[in-house]
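Here is what each chain is made of, one letter per residue.
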Amino acid sequence: MPPRTGAPGSPGASPIGVFDSGVGGLTVLRALIASLPGEDFLYLGDTARLPYGTKSAQTVARYSVRAAEALVKRGIKALVVACNTASASALPALRERFPELPVIGVIEPGARAACDASQSGRIAVLATEGTVRGGAYLDAILAIRPDAHVTQVAAQIFVALAEEGWSEGEAVDAVTERYLAHLDARIDTVVLGCTHFPLLAAAIARRVGPSRQVVDSAATTARAASEVLESRQLRNSPLRTGEVRLLATDSPERFARVGQRFLGSAIAERNVEAIDL
Ligand code: DGL
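The following refers to the structure shown. Everything quoted here is computed from the prediction, not taken from an experiment.

Cut-offs used in this document
Along each chain, residues carry numbers from 1 onward, in the same order as the chain's sequence is written. Local features in a predicted model are, by the rule used here, given only for residues with pLDDT of at least 70; side-chain atom pairs are given and counted only at 80 or more, and totals for whole chains, interfaces and linings are based on all residues. Here the side-chain values reflect all heavy atoms present in the structure, with hydrogen atoms and water set aside. The term salt bridge refers to a side-chain nitrogen of Lys or Arg lying within 4 Å of a carboxyl oxygen of Asp or Glu. Secondary structure elements are taken from DSSP: a helix is a run of H or I of four residues or more, a strand is a run of E of two residues or more, and numbering for both begins at the N terminus. Partly exposed describes any residue whose relative accessible area lies between the buried limit of under 20% and the exposed limit of over 50%, with all areas from a 1.4 Å probe on protein chains only and scaled to the type maximum. For each residue, the test is whether any non-hydrogen atom lies within 4 Å of the molecule or strand; if one does, the residue is near. Think of a polar contact as two N or O atoms within 3.5 Å of one another; within protein, one of them needs to be a possible hydrogen donor and the other a possible acceptor, and neighboring residues in sequence only count if both atoms come from side chains. Per-residue accessibility takes into account occlusion by the displayed protein chains alone, with areas from the Shrake-Rupley method and a 1.4 Å probe. Ten residues, namely Ala, Val, Leu, Ile, Met, Phe, Trp, Tyr, Cys and Pro, are considered nonpolar, four, namely Asp, Glu, Lys and Arg, are considered charged, and the remaining ones, Gly among them, are considered polar.

### Quick notes on the pattern of salt bridges
Next, step 1: By the definition in use, this model includes 16 salt bridges.
Next, step 2: Salt-bridge contacts for Glu69 lead to Arg97; the nearest nitrogen and oxygen are separated by 2.9 Å. With Glu69 in helix α2 (residues 57-73) and Arg97 in helix α3 (residues 84-97), this residue pair connects regions lying 28 residues apart in the sequence.
Next, step 3: We classify Arg97 as partly exposed; its relative accessible area is 41%.
Next, step 4: For Glu168, the salt bridge identified is with Arg206, shortest N-O distance 2.8 Å. Taken as a pair, Glu168 in the loop between α7 (157-164) and α8 (170-180) and Arg206 in helix α9 (residues 201-208) lie far apart in primary sequence, 38 residues in all.
Next, step 5: Of the residues examined, Glu168 reaches a relative accessible area of 42% and is grouped as partly exposed.

Here you go:
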């Protein structure tokens, strides 16, 4: 038997890198911690360059490679691209730059969650402008279910609302109405294709109605990460309690304050390290 992973000094003992344009990816980190409690995580939020959702695919790919380089330099064993916009634009560039590194994006797992949930095959994807423009969810859903019918809605203002901590209220209802009022009646599944949208899930679910399922990619991404680690024998011992380190390219104070809503638990400013890319 090869030595089981997780022994000090073995590849399994290194942290999993998680990267996002900012604090939104903490919703994915939360799911990763829940399903892989024995793993250490090194999270990088590129808050200095947020938002990625309005930028060109080339710029997002360039920023993503820079961020991944910072994590690889610190010794990660796998990379989870928690940002939907970066997953939509940068996975080929990341895999080319780091051919040995397992790289897991959120789009394919999100598409899988949508296809599992949908009976009618009519699926709406809510995402940033950049994710919608590239059509990555559309392609990923059609690859799993060629007969699917996908409607994409660019809902960039949801990002600002979630960062502001506005999950409910008049402004949220007005924006939700504007984005979702004209959904085809046959759509039975709505995918939250952006890290920030789970914070608005209750308002979105209310607007789309109880006959439609609202799904996101966090849990399925955690499952995909677990499978990749398992297949490469990179799992750390599940008997230990993992550690989380947080890096941000802009103010640790804001990262901690805004980020805790996304992570679902308190973040101390002193636990966020500021880095430059
Ligand atoms: N993290 C981004 C995403 O999931 C949303 C925030 C941004 O626009 O950078 O698409």
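### Things to note about the site of the ligand
Next, step 1: Close to the ligand lie 15 residues; Asp20, Ser21, Tyr52, Gly53 and Thr85 are nearest.
Next, step 2: Contacts to the ligand include Asp20, whose side-chain N or O atom sits 2.9 Å from a nitrogen atom.
Next, step 3: Gly53 has a polar backbone atom sitting 2.8 Å from an oxygen atom of the ligand.
Next, step 4: About the coverage of the ligand: the protein hides 100% of its 300 Å² of free accessible area.
Next, step 5: Split into classes, the residues belonging to the shell around the ligand amount to six nonpolar, eight polar and one charged.

### Some details on the environment of Arg245
Next, step 1: Considering the arrangement of structural elements, one finds Arg245 in strand β9 (residues 244-248).
Next, step 2: Put simply, Arg245 and Glu69 are 176 residues apart on the chain and 16 Å apart in space, counted from C-alpha to C-alpha.

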